[in-house]
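One letter stands for each residue in the lines below.
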Amino acid sequence: MTGARTIGRVLLIDDEPGIRATAAAILTREGWEVALAENGREGLATVERAACEFDCVVSDVHMPELDGHRFVAALGERVPDLPVLLMTANPDLDGAVRAMELGALNYISKPFTPERLASEVARAARRHGVARMMKRAAAAAEAPDLAAQSARLSRALATSWMAYQPLVDATSGAVRAYEALLRTDEPELRRPDVFIAAAERLGRVPELGRTVRRLVAADLAAAPRDVRVFVNLHPLELADEALFGDANPLHPSAARIVIELTERAALDALADAPRRVAELRRLGYAIALDDLGAGYASIGSLAAVAPEVVKLDMGLIRNLHLEPRQHRIVTAIATLCRELGSEVVAEGIETVEEQGALADHVDLFQGYLFGRPARGFP
Ligand code: G
Ligand code: MN
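These figures come from a predicted structure and were not determined experimentally.

Of the protein atoms, only Glu179 (OE), Asn232 (OD1), Glu260 (OE) and Asp290 (OD) coordinate the manganese ion (ligand 2), at distances of 2.1 to 2.4 Å. Mapping the donors of the manganese ion (ligand 2) onto the primary sequence gives the spacing E-x52-N-x27-E-x29-D. Of this pair, glutamate 179 sits in strand S7 (residues 175–184) while asparagine 232 sits in strand S8 (residues 228–232); the two residues are 53 residues apart in sequence, bridging distant segments of the chain. The class for glutamate 179 is buried, based on a relative accessible area of 4%.

For the rest of this paragraph, the subject is the sheet that holds strand S11 (residues 309–312). Spatial strand order, S6-S7-S8-S9-S10-S11-S12-S13: eight strands in a closed barrel with mixed pairing. For this sheet, the mean angle separating the axes of adjacent strands, direction not counted, is 30 degrees. Across four bridges, S7 lies against S8 in parallel orientation. Note that in S8 the partner of tyrosine 178 across the bridge is valine 229. Against the sheet, helix H9 (residues 205–220) touches strand S6 (160–169), S7, S8 and strand S9 (257–261), its axis set at about 65 degrees to S6.

Most peptide bonds take the trans configuration, and most residues that are not glycine carry a negative phi. The phi dihedral of aspartate 291 is positive, around 60 degrees, even though this residue is not glycine. Considering the arrangement of structural elements, one finds aspartate 291 in strand S10 (residues 286–292). Of note, alanine 306 is a non-glycine position whose phi angle comes to about 45 degrees, a positive value. On the secondary structure map, alanine 306 appears in the loop between helix H13 (299–305) and S11.

The next point concerns the packing of aromatic side chains. Here the structure, examined in full by the defined rule, presents three aromatic pairs. When the ring of tyrosine 164 is compared with that of phenylalanine 377, the centres are 4.3 Å apart and the planes differ by 35 degrees; the resulting orientation is tilted. Of this pair, tyrosine 164 sits in strand S6 while phenylalanine 377 sits in the segment after strand S13 (364–366), and the two are 213 residues apart along the sequence. With relative accessibility at 1%, the residue tyrosine 164 sits in the buried group. Here phenylalanine 365 and phenylalanine 370 contribute two aromatic rings whose centre-to-centre distance is 5.5 Å and whose plane-to-plane angle is 5 degrees, an arrangement assigned as stacked. Phenylalanine 370 gets classed as partly exposed once you look at its relative accessible area, which sits at 25%. The structure contains a cluster of three or more aromatic residues connected by ring pairs, namely Tyr164, Tyr178 and Phe377.

Turning our eyes to something else, we now look at the side chain of arginine 276. Its place among the elements puts arginine 276 in helix H12 (residues 273–282). Those residues in contact with arginine 276 that sit more than four places away from it in its chain are Leu238, Ala239, Asp240, Glu241 and Phe244.

Here we take up the pattern of salt bridges. Per the stated rule, a full pass over the model turns up 25 salt bridges. We note a salt bridge from glutamate 260 to lysine 311, for which the minimum N-O separation is 2.6 Å. Within this pair, whereas glutamate 260 is found in strand S9, its partner lysine 311 is found in strand S11, the two being separated by 51 residues in sequence. For the pair shown, glutamate 260 and lysine 311 are each scored as buried. Between lysine 311 and glutamate 347 there is a salt bridge; the shortest N-O distance is 3.6 Å.

End to end, helix H15 (residues 324–339) covers 22 Å across 16 residues, agreeing with the expected 22 Å (1.5 Å per residue, within 8%). The first or second residue beyond H15 is glycine 341, which carries a positive phi of 95 degrees.

Attention now moves to the pairing of strand S4 (residues 84–88). Of all five residues that make up S4, five are buried, and the element is covered over most of its length. Side chains Val84, Leu86 and Thr88 of S4 all project onto a buried face; the interleaved residues Leu85 and Met87 project onto the opposite face, where all are buried too. Two strands pair when backbone bridges link them, and strand S3 (residues 56–60) and S4 are joined in this way by four bridges, in the parallel orientation. Each residue of the ladder has a partner; that of aspartate 60, found in S4, is methionine 87.

Between helix H2 (residues 40–49) and helix H3 (residues 68–78), the least distance of the axes is 10 Å, while the angle of their chain directions is 15 degrees. With respect to their mutual orientation, H2 and H3 come out roughly parallel. Crossing geometry of H2 relative to H3 is assigned as right-handed. On H3, the residues touching Gly40, Gly43, Leu44, Val47 and Glu48 of H2 are Phe71, Ala74, Leu75 and Arg78.

Reading the values: the criteria
- Starting from 1, residues in each chain are numbered consecutively following that chain's sequence as written.
- In the order they appear in the text, chains get letters beginning with A and ligands get numbers beginning with 1.
- Per-residue local features are limited, in this predicted model, to residues with pLDDT of at least 70; the limit for side-chain atom pairs, both in listing and counting, is 80 or more; totals at the level of whole chains, interfaces and linings are taken over all residues.
- Excluded from the side-chain calculation are hydrogens and water; included are all heavy atoms of the structure.
- For Na, K and Ca the donor cut-off is 3.2 Å, while for other metals it is 2.8 Å, and in both cases only N, O and S atoms qualify; water is not among them, so sites may look incomplete.
- Counting from the N terminus, the helices are the DSSP runs of H or I reaching at least four residues and the strands are the DSSP runs of E reaching at least two.
- Whether a residue is buried, partly exposed or exposed follows from its accessible area with a 1.4 Å probe, protein chains only, as a fraction of its type maximum: under 20%, in between, or over 50%, in that order.
- The criterion for strand pairing is that DSSP finds at least two bridges linking the strands in question.
- Note on definitions: angles span 0 to 180 degrees between N-to-C directions of axes, and those axes are lines fitted to C-alpha atoms, for helices only across the stretch in contact.
- Only heavy atoms matter for contacts: two residues are in contact if any of them lie within 4.5 Å across the pair.
- Aromatic pairing here means that ring centres of Phe, Tyr or Trp (its six-membered ring) are within 6.5 Å. Orientation follows from the plane angle: under 30 degrees is stacked, over 60 is edge-to-face, and everything else is tilted.
- The salt bridge criterion pairs a side-chain nitrogen of Lys or Arg with a carboxyl oxygen of Asp or Glu, the two atoms within 4 Å.
- Helix span, as expected, comes to 1.5 Å for every residue beyond the first.
- Comment on the angle field: the value is read as roughly parallel under 35 degrees, roughly antiparallel over 145, roughly perpendicular from 65 to 115, and oblique elsewhere.
- Crossings are sorted by hand: turned counterclockwise from the far helix by less than a right angle, the near helix makes the crossing left-handed, and turned clockwise it makes it right-handed.

Structure (structure tokens):
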């Protein structure tokens, strides 16, 4: 059982003691309970021995005994939906593609900043399968500090608000849309991934979704008329009748809303997910496939969902102007998506070099270069 004061459990694997110590200190400060291993073989043994589940594994690639890629393959056979974040000083594309085929994972390049590690781990831990989320929710129901956790989540929901980040036209630079991103003033749940993970653990994702829809609906009056608003939908919300019923305050504005879906897990776990996605379209919403390339939204979901919009994960975008092979792969994916009739968004653009490398290949840009998420419609 996760300790009362931790937000979850991370297994950290690296053969260098210095990296283990640094990364463990960062993650502990974030509130994670951290277990350590020196190589893949030891990591596997730790997972198998563990009395309770890990939320995420952070692993080095180059290690003696069992390297990161072979570790991912072996882990995938034992715990298929445990997310792995691979750390490497020289990311190798062949390895990345091979590892992606083996399971949901992400890369983080060394050296990393504390913020980058913290946010990648929170992201990875949040993106694991629906089955795991449900198991964790069941476990949380027996947690000794359940009342305190619930009260904190209630405060977070009561003080939540939406930040908006612009999506700009790749050619003209004009703002075409905003992505709505959930924020709260509750101090301990300020980090959005931690906030969402708390709702998952406490089985309150539908309530979180209803809060988001209420806030976005209220903000819409102040949004420029000709822009669309992208709203993230948690896969567990697909099972919430309130999303489809008349009480959904977004329905009257459905034509302006793009619902972002991620995680193939949603389609795997909910037998009637395709029917529910079709129902959203019938209500007038457009569908975006979020985070393509992060290992969570697969090429397979492109065929299954036929999204109006595809959002390329920022992990694919980062520094692609320096990596000819990565650039080739990303532009080929973007071209394929356009041929399939989807509008393509490049997410997480931070530099003019990344922008320049993609300008001819995508329709919309989103990222700090154009605007950070902020109150109102920046
Ligand atoms: O999972 P999803 O793609 O919806 O996540 C969007 C998140 O990415 C938001 O929390 C937002 O703050 C963050 N984000 C948006 N643009 C950038 C960027 O250019 N760089 C980085 N590092 N993060 C970004
Ligand atoms: Mn999104």
